[in-house]
Amino acid sequence: MHALPVSALNLAPVRQGETIADAIDAMTRLAASVEEAGYTRYWIAEHHNTPTLVSSATPLLIQRTLEETTSIRVGSGGMMLPNHSPLVVAEQFGTLAELYPDRVDLGLGRAPGTDMNTARALRRTHMDTAVHSFPDDVQDLLHYFGPPEIQGKVKAHPGVGTGVPLYILGSSTDSAVLAARLGLPYAFAAHFAPQQMEAAIRIYREEFQPSEWLEKPHMIVCLNVIAMESDEEAVREQTTMQQFFLNVVRGTQQPLQPPVDSMDGIWSPQEKAMSQAMSSMTLAGSEETVSRQLQEFQSRFTADEIMVVSYIYDEEKQHASYRRFAEIAKRTSSSQTTT
């Protein structure tokens, strides 16, 4: 038994009234804050054609974050492989690994991270082919980061021998099966797609095959967290997140909004239901309340690591929420499930 490891995911949102440069600066300030709070890793997402999120050139943001921190692991949550050649990804992350040894993670996803028109503009090949080649692309990356003696004529320089750790990201049971078959750590996106979480966790653990990269399953679950001084404050701060998901439901592109006293009159009953279904995996309240919610979650799922997303408009309150959750996690035990 040991303290539950916690990590952070950032989509790098633009807050209302701020610029893209402000959002990038906020991203690095949050990284420094969670590093000080003892977080294990800090991942940056990949999204395209979304003016309210600046996380399109993910490797550049990762490098900026590595420069502004000293010890926390920094990586992608994730690189969407249908958009990228595995060789290019290996060269980029191999370079980062040479610059910042033992600090770079590579989370991999099979979704485009955007709308379909933009996906077609991004793709290196036809959409269906790119999505279905995901398992082969992962294998290619494992090969490119491997030792020199296993390399073929095409090599990733830098990249060879760096052993950059790969993580499979997903929101379905398909990704769980792949992560288990390859013997890789698995991160489930319960922060926006919780519907298949329970089944995916079970499948990953039941079907996990030990590998040269991982002896036993390592299950990361990404949750929304809003840890405030009181339950009442958390209810109000949570409206920023609710407006964020309402954006998704409506297909609008509003920057991250300040909290409001009530969402009544802002969303319709149908929009409320859809937004709450997407964000149902949320821990919100006072430190005592969030601690109880986390213990209840762990009693059911026993995640090996919790990754936190916090859509909080006020930066100071956002940083404080991450600090509170780190303290809560220190009091929460984690036991890895073996096969």
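Please refer to the structure placed before this passage.
Residues numbered from 1 in each chain as written. Predicted model: local features only at pLDDT ≥ 70, side-chain atom pairs only at ≥ 80, totals over all residues. Heavy atoms only, no water.

**Q** An account of the overall build of the protein is requested, with residue identities and associated values reported.
**A** Within the protein one finds 12 helices and 11 strands. For the protein, the C-alpha radius of gyration of 19 Å lies close to 20 Å, the compact-globule estimate for 339 residues. With the C-alpha coordinates of the protein rotated into their principal frame, the extents come out at 60 × 45 × 40 Å. Excluding contacts between residues fewer than 6 apart, the proportion of contacts in the protein whose partners are at least 24 apart in sequence is 73%. When the accessible surface of the protein is summed, it comes to about 14600 Å², and 50% of that surface belongs to carbon and sulfur atoms. (Helix = DSSP H or I, 4+ residues; strand = E, 2+ residues; numbered from the N terminus. Rg over C-alpha atoms; globule rule 2.2 N^0.38 Å. Contact = heavy atoms within 4.5 Å. Areas by Shrake-Rupley, 256 points an atom, 1.4 Å probe, with all protein chains shown as cover.)

**Q** I'd like a rundown of the nonpolar core, residues and numbers included.
**A** Counting 76 residues, the largest nonpolar core has Tyr-39, Leu-106, Val-138, Val-221, Ile-306 and Phe-325 as the members making the most contacts within it. Ranked by residue count, the leading element in this core is helix H1 (residues 20-36), at 6 residues. Not counting chain neighbours up to four residues away, the residues in contact with Ile-306 comprise Leu-4, Pro-5, Val-6, Ser-7, Val-221, Leu-223, Leu-294, Phe-297, Gln-298 and Phe-325. Leu-9, Leu-11, Ala-45 and Leu-256 belong to the second-largest nonpolar core, a separate cluster that totals 23 residues. (Core = buried A, V, L, I, M, F, W, Y, C linked by side-chain atoms within 4.5 Å. Buried < 20%, exposed > 50% of the residue type's maximum accessible area, 1.4 Å probe, protein only.)

**Q** Give a detailed account of the pattern of salt bridges, specifying residues and quantitative values.
**A** What the rule picks out here adds up to 15 salt bridges. Across the salt bridge formed by Arg-29 and Glu-315, the nearest N and O atoms sit 2.7 Å from each other. Linking Arg-29 in helix H1 with Glu-315 in helix H12 (residues 315-330), this pair joins segments that are 286 residues apart in sequence. Judged by relative accessible area, Arg-29 falls into the partly exposed class, the value being 40%. In this structure, Glu-287 and Arg-331 form a salt bridge, with 3.1 Å as the shortest nitrogen-oxygen distance. Separated by 44 residues along the polypeptide, Glu-287 in helix H11 (residues 287-301) and Arg-331 in the loop between H12 and strand S11 (333-334) bring together distant segments of the chain. Shared partners join several salt bridges into a network, and the residues in it are Arg-41, Arg-73, Asp-105 and Glu-305. (Salt bridge = Lys/Arg side-chain N within 4 Å of Asp/Glu carboxyl O.)

**Q** Describe in detail the packing of aromatic side chains, supporting the description with residues and values.
**A** One pass over the structure, following the stated rule, counts 9 aromatic pairs. The interplanar angle of 85° and the centroid separation of 5.6 Å between the aromatic rings of Phe-244 and Phe-245 together place this pair among those described as edge-to-face. Assigned by exposure class, Phe-244 and Phe-245 land together as buried. Ring geometry for Phe-297 and Phe-301: centres 4.9 Å apart, planes at 50°, overall tilted. Here the residue Phe-297 and the residue Phe-301 both occupy positions in helix H11, the gap between them amounting to 4 residues, near one helical turn. What makes Phe-301 buried here is its relative accessible area of 8%. Connected via pairs of aromatic rings, a cluster forms that spans Tyr-186, Phe-188, Tyr-204 and Phe-208. (Phe/Tyr/Trp six-rings, centres within 6.5 Å; stacked < 30°, edge-to-face > 60°.)

**Q** Mind laying out the layout of surface pockets, listing which residues take part and the relevant values?
**A** Approximately 210 Å³ is the volume found for the second largest pocket. Leu-142, Gly-163, Val-164, Glu-212 and Trp-213 are the residues nearest the centre of the second largest pocket, which is lined by 17 residues in total. Going through the elements one at a time, helix H6 (134-144) and strand S6 (166-170) are the ones with two or more residues in the lining of the second largest pocket. By residue number, the principal contributor to the lining of the second largest pocket is H6, which donates 4 residues. (1 Å grid on protein atoms, 1.4 Å probe; cavity = no way out; pocket = protein on both sides within 12 Å on 5 of 7 lines; lining within 4 Å. Points joined across faces, edges and corners; volume = space filled by probe spheres on them.)

**Q** Kindly report on the pairing of S6, identifying the contributing residues and their values.
**A** The buried fraction of S6 is high, at 5 of 5 residues. With burial as the criterion, each face of S6 is covered, one bearing Leu-166, Ile-168 and Gly-170 and the other bearing Tyr-167 and Leu-169. Relative to S6, strand S5 (residues 104-109) is paired through 3 bridges, and the arrangement is parallel. Paired with Leu-106 across the strands is Leu-166, a residue of S6. Considered for its hand, the β-α-β crossover made up of S6, helix H7 (residues 173-182) and strand S7 (residues 186-188) is right-handed. (Pairing = 2+ DSSP bridges. Right-handed = clockwise from strand over helix to strand, strands pointing away.)

**Q** Any details on helix H9 (residues 231-250)? Residues and values, ideally.
**A** Taking 1.5 Å as the rise per residue, H9 with 20 residues should run 28 Å; its terminal C-alpha atoms sit 28 Å apart, in good agreement. Taken as a whole, H9 has its buried residues at Ala-234, Glu-237, Gln-238, Thr-239, Thr-240, Met-241, Gln-242, Gln-243, Phe-244, Phe-245, Leu-246 and Asn-247. Residues of H9 that are buried sit in contact with strand S8 (219-228), helix H10 (269-278), strand S9 (282-286) and H12. (Expected span 1.5 Å × (residues − 1).)

**Q** Tell me about helix H2 (residues 58-68), residues and numbers included.
**A** Buried residues of H2: Thr-58, Pro-59, Leu-61, Ile-62, Thr-65 and Leu-66, and no others. Looking down the long axis of H2, one finds its buried residues gathered within 160° of arc, a one-sided arrangement. Against H1, strand S3 (41-44), strand S4 (73-80), helix H3 (86-99) and S5 lie the buried residues of H2. (Arc of directions from axis to C-beta.)

**Q** How would you explain the environment of Gly-159 if you had to name every residue and give the values?
**A** Tracing the backbone shows Gly-159 in the loop between H6 and S6. When the C-alpha atoms of Gly-159 and Leu-87 are compared, they prove to be 9.2 Å apart, with 72 residues separating the residues in sequence. The residues contacting Gly-159, other than those within four sequence positions of it, are Ala-90, Gly-94, Tyr-144 and Phe-145.

In short, the description is geometric, and any link to function would need to be established separately.
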